[in-house]
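# Examination of the molecular architecture
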Amino acid sequence: MVPIRGQVLRVHAPWVKHVIDFNTVQGFTYVIPNTDVVVIGGTIQDGNWSEQVDPVDRKSILDRTAALLPSLENARIVSEWTGLRPCRMNGVRLEKEDIRTKHGKTLPVVHNYGHAGAGLTLHWGCARDAASLVLESLFSSGSCQLAPQEHFEKSRL
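Residues numbered from 1 in each chain as written. Predicted model: local features only at pLDDT ≥ 70, side-chain atom pairs only at ≥ 80, totals over all residues. Heavy atoms only, no water.

## Digging into the pattern of salt bridges
What counts here: By definition, a salt bridge exists where a carboxyl oxygen of Asp or Glu is found within 4 Å of a side-chain nitrogen of Lys or Arg. Helix numbering and strand numbering both begin at the N terminus, where a helix is a DSSP run of H or I of at least 4 residues and a strand a DSSP run of E of at least 2. Exposure is judged per residue with a 1.4 Å probe applied to protein chains only, and the accessible area is read against the type maximum: over 50% gives exposed, under 20% gives buried, and values in between give partly exposed.
According to the stated counting rule, one finds 6 salt bridges in the structure shown. One salt bridge connects Arg5 with Asp57, and the closest N-O pair in it is separated by 2.9 Å. Taken together, the positions of Arg5 in strand S1 (residues 2–12) and Asp57 in helix H1 (residues 55–68) put the pair 52 residues apart, joining distant regions of the chain. Residue Arg5 is classed as buried on the basis of its relative accessible area of 1%. Among the ionic pairs, Asp63 bridges to Lys59, the shortest N-O distance being 2.7 Å. One end of the pair, Asp63, and the other, Lys59, are both in helix H1, 4 residues apart, so they sit about a helical turn from each other.

## So, the environment of Asn112
In plain terms, the rule: Between two residues, a contact is recorded if the distance between any of their heavy atoms is within 4.5 Å. For the purposes of these results, a polar contact is taken to be a pair of N or O atoms within 3.5 Å, where, inside protein, one atom must be able to donate a hydrogen and its partner to accept one; residues adjacent in sequence count only when each atom of the pair is a side-chain atom.
Structurally, Asn112 can be placed in strand S8 (residues 106–113). A relative accessible area of 30% places Asn112 in the partly exposed class. Separated by 17 residues in the primary sequence, Asn112 and Glu95 have C-alpha atoms spaced 7.0 Å apart. When neighbours within four sequence positions are excluded, Asn112 is seen to be in contact with Val92, Arg93, Leu94, Cys126, Ala127 and Ala130. A distance of 3.1 Å separates a polar atom in the side chain of Asn112 from a polar atom in the side chain of His115.

## Things to note about the nonpolar core
Formally: Throughout, nonpolar core names a set of buried Ala, Val, Leu, Ile, Met, Phe, Trp, Tyr and Cys residues whose side chains join them through atoms within 4.5 Å.
The biggest cluster of nonpolar side chains holds 10 residues, and these are Leu9, Val11, Ala13, Val16, Val31, Val38, Ile40, Ile61, Leu72 and Ala75. Looking at this core, the elements that each hand over two or more residues are S1 and strand S4 (38–41). Not counting the four nearest positions on each side in its chain, Ile40 is found in contact with Val8, Leu9, Val11, Tyr30, Val31, Ile61, Leu62, Thr65 and Leu72.

## Remarks on the layout of surface pockets
The cut-off we apply is this: Using protein atoms alone on a 1 Å grid, points that fit a 1.4 Å probe yet trap it form a cavity, whereas open point sets bounded by protein on both sides within 12 Å along at least five of seven lines form a pocket; residues with an atom within 4 Å of a point count as lining. Grid points are joined across faces, edges and corners, and a volume is the space filled by probe spheres set on the points. In this classification, the charged set is Asp, Glu, Lys and Arg, the nonpolar set is Ala, Val, Leu, Ile, Met, Phe, Trp, Tyr, Cys and Pro, and all remaining amino acids, among them Gly, are polar.
In this model, the largest pocket occupies a volume close to 570 Å³. Taken together, 21 residues make up the lining of the largest pocket; nearest its centre are Tyr30, Ile32, Gly117, Ala118 and Leu120. The residue makeup of the lining of the largest pocket, split by class, is 12 nonpolar, 6 polar and 3 charged.

Below is the structure:
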């Protein structure tokens, strides 16, 4: 696992209705509308442990997103932040592993980590797959009485 530093901004741009992402020479650039704001970004910096907002990165993000969508050029910045995202060099780990305790009991553990900067786009599918692995573990141990499909249907209510 290594940290990947990311910096993003939230801007007031209610006219933006569609996701845009583009990989440029300057970095991966995206525009993601939310309910009240639009998230623009970003940075992917391996080995940078700083959690401080960097003005150089801010300018790069603003310039790159305005080049993709010129109407963002004067959008008001609502907030900005950085984060260190856990990244596995071999990709996301999403699997079940049986762990034996020091008392000889076997416990199922579902791993779901290492998404780096792709957590926002991968979380729906990974969460669903992880939930399936948890249910599989429950059914194989006899701890759950519902069939897997019934359990998912009840959880959607």
